[in-house]
Amino acid sequence: SQLRNLFEWKRVLRIATGVTLVGGTVIGVGTVSLAAASCYTINRIRPRTYTDDYHLNPEILRMPYKTVDFSTEDGVNLKGWWIPATVHGRESNRIVILMHPYDNHKSNLLGVASALWYHGYSVFMFDFRSFASNPHTRQSIGYLEQFDAMAAINYVKNNHCLNQSVDDDDVYKQRQIVLMGASMGGACAICVAPKFPNLISAIVTDCTFSSLRDICKYRISVQSALWMPTGLLDTVVKIMDIGNQFIYGYSVDDVSPMEVVASDAFDIPLLLLHSECDAAVPFVHSQKIYKQCQSSIKNLYCIKSGDHCAGYFMNPNLYNKYLSQWVDDVLDHEILERKQKQNANRMKAAATGTGTEMPQNSMIVNNDFIMFDVKDDEIGMDEATESSETENEESAASSADSKQTKQNEAEQMIIDGVQNVNTNQTENVVPHEQSSSFLSYFGLHKK
């Protein structure tokens, strides 16, 4: 009996060992396969389609533009749109370079470009290498695209910043360049900005990720949530990174906006826009960048109830309002600093080296967290207060409409000489009330 039990335990151990080996092999092969698939996906060549040549252009939105060609450091030929704006009869000194999301055409940002152009900003839009003339051009998610972004900035620098005034007496003629990118474009904007010292005045991002490692880990967890143990995610990303370095020559850690802004040398004004319900790049990514950012001017705007890069499309007017106000304030602040520095140098020279200095800039720049709803721009209001004010406005509007309708009916009775008025006739809408309602819908009214 004891001998029989011993053989049975040995059999159980053999079965358990076999199951363990098979399970470990399956998990190991699955982990390596998932890492290899992720590595390929990051660096794949975008499939070209016939729709690549069919898209909107600035002319359709009544903006003058010029198609330009330029090349990157590694020899990729790219195309861009230069959209010049004029202010008081002269070309604008403020330029915004727009960088589109992953696998998207530059025309997807034409709405934002139009708002900036009508606001007095010249705009340069360009395609990343996924839309290069060579259909076999390999892309990445923010690494190779940094070469594209640097080439675009150099194009603007060499072609539209050489005619700026070199006279220190006129700081208003000096060019101011703003980088704005959506998703991957925002990550590229942050990563390349420090490579152009004293040239980039501000950075704006929309739904960008904190690092390529973090976003890969998140995307892998979403795709394999039903069968991949969460404890293996770090292992998958590490194996993917090793393979990526061996095959493609770079690490996923080479694309890390969070590390760039955490540097003590980083002091470029930064605006982070992010949708609250972003499923592609969670809102926490912008929160990480905001917390690590060492810039003296930084803002984080959360767009309620929006998905990935949906802020503009949910409410273009309100989105453009906050964007333009922030950029205007930052660039005006930079001009004021330039002027104060210039005056300080003059006073120092006049004092023959006595070290006289101008007072410090007293302009207050808000660097707190801000959340705004695409249907209302009353920042910082409680929901109860917001609801109460909305009800009061609706009640007042209803009362005004009723009063105006009665007045119109009375006037119609007098003119036509009749006693009864057809109650089914279309109500007249007072022009200023219609305008007020329109502005209220887009959240542009103020107390």
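Located above this text is the structure these notes cover.
These figures come from a predicted structure and were not determined experimentally.

Conventions adopted
Residues numbered from 1 in each chain as written. Predicted model: local features only at pLDDT ≥ 70, side-chain atom pairs only at ≥ 80, totals over all residues. Heavy atoms only, no water. Helix = DSSP H or I, 4+ residues; strand = E, 2+ residues; numbered from the N terminus. Buried < 20%, exposed > 50% of the residue type's maximum accessible area, 1.4 Å probe, protein only. Contact = heavy atoms within 4.5 Å. Areas by Shrake-Rupley, 256 points an atom, 1.4 Å probe, with all protein chains shown as cover. Core = buried A, V, L, I, M, F, W, Y, C linked by side-chain atoms within 4.5 Å. Axes fitted to C-alpha atoms, helices over the stretch in contact; angles between N-to-C directions. Parallel < 35°, antiparallel > 145°, perpendicular 65-115°, else oblique. Left-handed = near helix turned anticlockwise from the far one by under 90°. Salt bridge = Lys/Arg side-chain N within 4 Å of Asp/Glu carboxyl O. Pairing = 2+ DSSP bridges. Right-handed = clockwise from strand over helix to strand, strands pointing away. 1 Å grid on protein atoms, 1.4 Å probe; cavity = no way out; pocket = protein on both sides within 12 Å on 5 of 7 lines; lining within 4 Å. Points joined across faces, edges and corners; volume = space filled by probe spheres on them. Nonpolar A, V, L, I, M, F, W, Y, C, P; charged D, E, K, R; others polar. Phe/Tyr/Trp six-rings, centres within 6.5 Å; stacked < 30°, edge-to-face > 60°. Lys NZ or Arg CZ within 6 Å of the ring centre and 35° of its normal. Polar contact = N/O pair within 3.5 Å; in protein donor to acceptor, adjacent residues only side chain to side chain. Arc of directions from axis to C-beta. Disulfide = S-S within 2.5 Å.

Caption draft 1: Layout of the overall build of the protein. Each helix and strand counted, the protein has twelve helices and eleven strands in total. Counting only residues that meet the buried cut, the protein has 43% of its 447 residues in that class. Restricting to contacts in the protein with at least 6 residues of sequence separation, those with at least 24 account for 76%. About 24,500 Å² of surface is accessible on the protein, with carbon and sulfur atoms providing 54% of the total.

Caption draft 2: Just the nonpolar core, in detail. Counting residues in hydrophobic clusters, the biggest one holds 62 residues, and the most contacted among them are Phe124, Leu179 and Ile200. Looking at this core, the element that brings in the most residues is helix α3 (residues 144-160), giving seven residues. Core analysis: the second largest hydrophobic core is formed by 36 residues, Ala113, Trp117, Tyr312 and Leu331 among them.

Caption draft 3: The packing of α3 against helix α4 (residues 184-192), seen in detail. Axis separation between α3 and α4 bottoms out at 9 Å; the angle between their running directions is 65°. Between α3 and α4, the angle falls in the class roughly perpendicular. Judged by the twist between their axes, the crossing of α3 over α4 is right-handed. When α3 is examined against α4, the residues Glu145, Gln146, Ala149, Met150 and Ile153 are found in contact with a partner set consisting of Met184, Cys188, Cys191 and Val192.

Caption draft 4: Summary view of the pattern of salt bridges. All told, the structure shown has 13 salt bridges when counted by the stated rule. Between aspartate 214 and lysine 288 there is a salt bridge; the shortest N-O distance is 3.6 Å. Of this pair, aspartate 214 sits in helix α5 (residues 212-223) while lysine 288 sits in helix α8 (residues 284-292); the two residues are 74 residues apart in sequence, bridging distant segments of the chain. Judged by relative accessible area, which is 22%, aspartate 214 ranks as partly exposed. For lysine 288, a relative accessible area of 32% translates into the label partly exposed. Here the salt bridges do not stand alone but share partners, grouping Asp74, Arg129 and Asp148 into one network.

Caption draft 5: Main features of the pairing of strand β6 (residues 122-126). Here β6 lies mainly inside the structure; five of its five residues are buried. The two faces of β6 match: Ser122, Phe124 and Phe126 on one face and Val123 and Met125 on the other face are all buried. Judged from the four bridges that link them, strand β2 (residues 77-83) and β6 form a sheet pairing that is antiparallel. Looking at β6, one finds that tryptophan 82 is bridged to phenylalanine 124. Two elements, strand β5 (residues 94-99) and β6, share five bridges in a ladder whose sense is parallel. Of the residues in β6, the one forming a bridge with isoleucine 97 is phenylalanine 124. You can see the chain leave β5, run along helix α2 (residues 110-118) and come back into β6, and the turn it takes is right-handed.

Caption draft 6: Local environment of empty space enclosed by the protein. Taken as a whole and judged by the stated rule, the model has one cavity of 30 Å³ or more. If you add up the space inside the largest cavity, you get close to 30 Å³. Lining the largest cavity are Val96, Leu116, Val178, Met180, Val204, Leu323 and Val327. Tallied by class, residues from the lining of the largest cavity come to seven nonpolar, no polar and no charged.

Caption draft 7: Local environment of the packing of aromatic side chains. In total, this model carries 13 aromatic pairs according to the counting rule given. Considering the side-chain rings of phenylalanine 70 and phenylalanine 124, the 5.9 Å spacing of their centres and the 55° angle between planes classify their relative orientation as tilted. One end of the pair, phenylalanine 70, is in strand β1 (residues 66-71); the other, phenylalanine 124, is in strand β6, with 54 residues separating them in the sequence. In this structure, phenylalanine 70 and phenylalanine 124 share a single accessibility class: buried. An aromatic cluster is present here, built from Phe70, Phe124, Phe126, Phe128 and Tyr155 joined pairwise through their rings. A cation over a ring is seen here: lysine 298 above tyrosine 290, with NZ or CZ 4.7 Å from the ring centre. Geometry around tyrosine 322 places lysine 321 over its ring, the cationic atom sitting 5.9 Å from the centre.

Caption draft 8: Geometry of α4. Of all nine residues in α4, nine are buried; the element is thus mostly enclosed. Turning to α4, its buried residues are Met184, Gly185, Gly186, Ala187, Cys188, Ala189, Ile190, Cys191 and Val192.

Caption draft 9: The side chain of threonine 137, seen in detail. Positionally, threonine 137 belongs in the loop between β6 and α3. Residue classification places threonine 137 among the buried positions, given a relative accessible area of 12%. Reaching out from threonine 137, the side chain makes a polar contact with the backbone oxygen of asparagine 134 at a distance of 2.8 Å. Not counting chain neighbours up to four residues away, the residues in contact with threonine 137 comprise Ile45, Val76, Arg129 and Ala132.

Caption draft 10: Quick peek at α8. When α8 is considered as a whole, its buried residues turn out to be His285, Ser286, Ile289 and Tyr290. With its buried residues spanning 135° around the axis, α8 presents them on a single face.

Caption draft 11: Just the state of the cysteines, in detail. The full count for this structure, using the stated rule, is zero disulfides. Cysteine 39 forms no disulfide, and the closest cysteine sulfur to it belongs to cysteine 216, at a distance of 9.3 Å. The buried category is assigned to cysteine 39, whose relative accessible area is 5%. Cysteine 309 provides the cysteine sulfur closest to cysteine 207, a residue in no disulfide bond, and the two sulfurs are 4.5 Å apart.

Any link to function would need more than the numbers given here.
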